[in-house]
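Below, each chain spelled out in residue letters.
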Amino acid sequence: MEQLRFGWEFINAALGPLGPFYMLAFIGVLMILLSAPLAFRTKPDPLNRLKGSGVVMPKAEDGAPVRLRYDGGGSRQLERFKPLLEPQNEKEFSATKLKLMQAGYRGRNAVSNYHLLRFVLGVLALAIGTLSVLVRSDEPSLMAVIASVLFPGLIGYYLPDYWVERRRQTRQEEITNGFPDALDLMLVCVEAGQSLDQSILRVATEIKNGYPALAEEFEMVSNEMRAGKDRVTVLRDMGERCGVPDISAFVTVLIQSATFGTSVADALRVYASEMRDKRVMRAEEKANKLPTKLTLGTMMFTVPPLLIILIGPSVYGIAQTLGR
């Protein structure tokens, strides 16, 4: 007991009243660093046994070995951390992957990079918050220390969520705005005698400068169709990747047209007209919301100066009279 009390007094004298808190944080970081090698240990890859065996690997003309599969920079080192970076729940993993896909991040390691970024930013923000507490000249309270450390950590941890959500909303808005023009162009291509696959590729080429996100989706659809994938599956994947109700309805129209054997040109003409009307309705809706949004600004910046001009002299006169 005497030794524990002496250690407690020594920590308080050396680090201040918050010394035990600092010691617990140091011990936690030390335990994480010591257990990291054991957690990141992975089983050897069976394909590595091919090295040094009698298997002849293909080589290019200059003698360098040919890479049979493209591997992005740093992805091989990231493979060993996947069990810790990716959610183990299949439902959560699918939801995260779909959200990143709708935001435009379709890489193989997109989910791992996303969780790694959240972890790194959270730890970095916690370190910055802790450093800000240590360099303070005064003695903050325990609640102030907790707020100064945890609040930046939470901001750093949830900042990638905010970024991905904003990017997804921006991308979906761009797709929604450019979809009526793309439908009109697709209708012209189909009526000119081109097939649906050729018209999709043509539309992707024409709208690339104005609506790059929508052009990217159409290019992906065209490439998957040329690769031999089923058209219905490709169109449904497009509707899922975009996450826009207009695209989902368009996919349903094309699937029904292909199923029942109706004219694609007639379906596109009717749906393109509906999309133009819908775009006009969205513009009218935004115009009708504008007066309501301006009401707050009008009340804040117009009414107070007007009251000062109208009532100010009277209030000043009454104050002078009562002062006498």
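My aim in this report is to walk through the structure given alongside it, one point at a time. For clarity, every value in this text was computed on a predicted model and none was experimentally measured.

Let us now look at the overall build of the protein chain. For the protein chain, the helix and strand inventory stands at 13 helices and zero strands. Helices and strands appear in the protein chain in the N-to-C order α-α-α-α-α-α-α-α-α-α-α-α-α. Looking at the protein chain as a whole, 26% of its 324 residues qualify as buried. Carbon and sulfur atoms provide 64% of the accessible area of the protein chain, an area that totals close to 22,700 Å².

It is worth spelling out the nonpolar core at this point. Core analysis: the largest hydrophobic core is formed by 33 residues, its most contacted members being Phe 179, Met 186, Phe 218 and Ile 247. Broken down by element, this core gets its largest block of residues, seven residues, from helix 7 (residues 142–191). Those residues in contact with Phe 218 that lie beyond four places of it in its chain are Phe 179, Ala 182, Met 186, Ile 200, Val 203, Ala 204, Ile 207 and Met 238. Counting residues in hydrophobic clusters, the runner-up holds six residues, among them Ala 110, Val 111, Tyr 114 and Val 164.

Our focus in this paragraph is the packing of helix 5 (residues 90–102) against helix 10 (residues 231–242). In the contact formed by helix 5 and helix 10, the axes pass within 7 Å of each other and the chain directions differ by 85 degrees. One way to sum up the angle between helix 5 and helix 10 is to call them roughly perpendicular. In this structure, helix 5 uses Leu 98, Met 101 and Gln 102 to contact helix 10, whose residues at the interface are Glu 240, Arg 241 and Cys 242. Looking at the contact of helix 5 with helix 10, its residues break down into three nonpolar, one polar and two charged.

Bringing the pattern of salt bridges into the picture now. Per the counting criterion, the structure on display carries 18 salt bridges. With a closest N to O distance of 2.3 Å, Glu 191 and Arg 269 form a salt bridge. Of the two residues, Glu 191 sits in helix 7 while Arg 269 sits in helix 12 (residues 264–301), which places them 78 residues apart along the sequence. Overall, Glu 191 belongs to the partly exposed group, its relative accessible area being 45%. Between Glu 219 and Lys 208 there is a salt bridge, with its nearest N and O atoms 2.8 Å apart. One end of the pair, Glu 219, is in helix 9 (residues 212–226); the other, Lys 208, is in the loop between helix 8 (196–206) and helix 9, with 11 residues separating them in the sequence. Exposure remark for Lys 208: the relative accessible area of 43% places this residue in the partly exposed category. Connected through shared salt-bridge partners, Arg 106, Arg 171, Glu 216, Glu 217 and Arg 241 make up one network.

All right, on to helix 12 then. Taking 1.5 Å as the rise per residue, helix 12 with 38 residues should run 56 Å; its terminal C-alpha atoms sit 55 Å apart, in good agreement. What helix 12 keeps buried is the set Ala 265, Ala 267, Leu 268, Tyr 271, Ala 272 and Met 275. Looking at the buried positions of helix 12, the neighbouring elements they touch are helix 7 and helix 11 (245–260). Put simply, Ser 263 is the residue that caps the front of helix 12, since its side-chain oxygen is 3.4 Å from the backbone nitrogen of Ala 265.

Note on helix geometry: an α-helix contains 3.6 residues per turn, so any two residues three or four positions apart are oriented the same way. Taking 1.5 Å per residue, 16 residues should reach 22 Å; helix 11 reaches 22 Å between its end C-alpha atoms and fits that length. Check the buried side of helix 11 and you find it contacts helix 7, helix 8, helix 9, helix 10 and helix 12. One or two steps after helix 11, the chain reaches Gly 261, where phi turns positive at roughly 75 degrees.

Describing an aromatic ring pair means giving the distance of the ring centres and the angle of the ring planes. All told, the structure shown has four aromatic pairs when counted by the stated rule. Here Tyr 157 and Tyr 158 contribute two aromatic rings whose centre-to-centre distance is 5.1 Å and whose plane-to-plane angle is 90 degrees, an arrangement assigned as edge-to-face. Overall, the relative accessible area of 35% leaves Tyr 157 in the partly exposed class. Ring plane angle 75 degrees and centroid distance 5.2 Å describe the contact between Phe 179 and Phe 250, whose orientation is recorded as edge-to-face. Of the two residues, Phe 179 is situated in helix 7 and Phe 250 in helix 11; the sequence distance between them amounts to 71 residues. Assigned by exposure class, Phe 179 and Phe 250 land together as buried.

Let us look at the environment of Asp 246. Structurally, the position occupied by Asp 246 is in helix 11. Along the sequence, Asp 246 and Lys 278 sit 32 residues apart, while their C-alpha atoms lie 9.8 Å from each other. Within the structure, Asp 246 has its side chain in polar contact with the side chain of Lys 278 (distance 2.7 Å).

Moving on, we get to the packing of helix 8 against helix 9. As a packed pair, helix 8 and helix 9 sit with axes 8 Å apart at the nearest point and diverge in direction by 150 degrees. The hand of the helix 8/helix 9 crossing is left-handed. Here Asp 197, Ile 200, Leu 201, Val 203 and Ala 204 of helix 8 lie close against helix 9, whose contacting residues are Ala 215, Phe 218, Glu 219, Val 221, Ser 222, Met 225 and Arg 226. Of the residues assigned to the contact of helix 8 with helix 9, the class counts are eight nonpolar, one polar and three charged.

About the cut-offs
- Residues numbered from 1 in each chain as written.
- Predicted model: local features only at pLDDT ≥ 70, side-chain atom pairs only at ≥ 80, totals over all residues.
- Heavy atoms only, no water.
- Helix = DSSP H or I, 4+ residues; strand = E, 2+ residues; numbered from the N terminus.
- Buried < 20%, exposed > 50% of the residue type's maximum accessible area, 1.4 Å probe, protein only.
- Areas by Shrake-Rupley, 256 points an atom, 1.4 Å probe, with all protein chains shown as cover.
- Core = buried A, V, L, I, M, F, W, Y, C linked by side-chain atoms within 4.5 Å.
- Contact = heavy atoms within 4.5 Å.
- Axes fitted to C-alpha atoms, helices over the stretch in contact; angles between N-to-C directions.
- Parallel < 35°, antiparallel > 145°, perpendicular 65-115°, else oblique.
- Nonpolar A, V, L, I, M, F, W, Y, C, P; charged D, E, K, R; others polar.
- Salt bridge = Lys/Arg side-chain N within 4 Å of Asp/Glu carboxyl O.
- Expected span 1.5 Å × (residues − 1).
- Polar contact = N/O pair within 3.5 Å; in protein donor to acceptor, adjacent residues only side chain to side chain.
- Phe/Tyr/Trp six-rings, centres within 6.5 Å; stacked < 30°, edge-to-face > 60°.
- Left-handed = near helix turned anticlockwise from the far one by under 90°.

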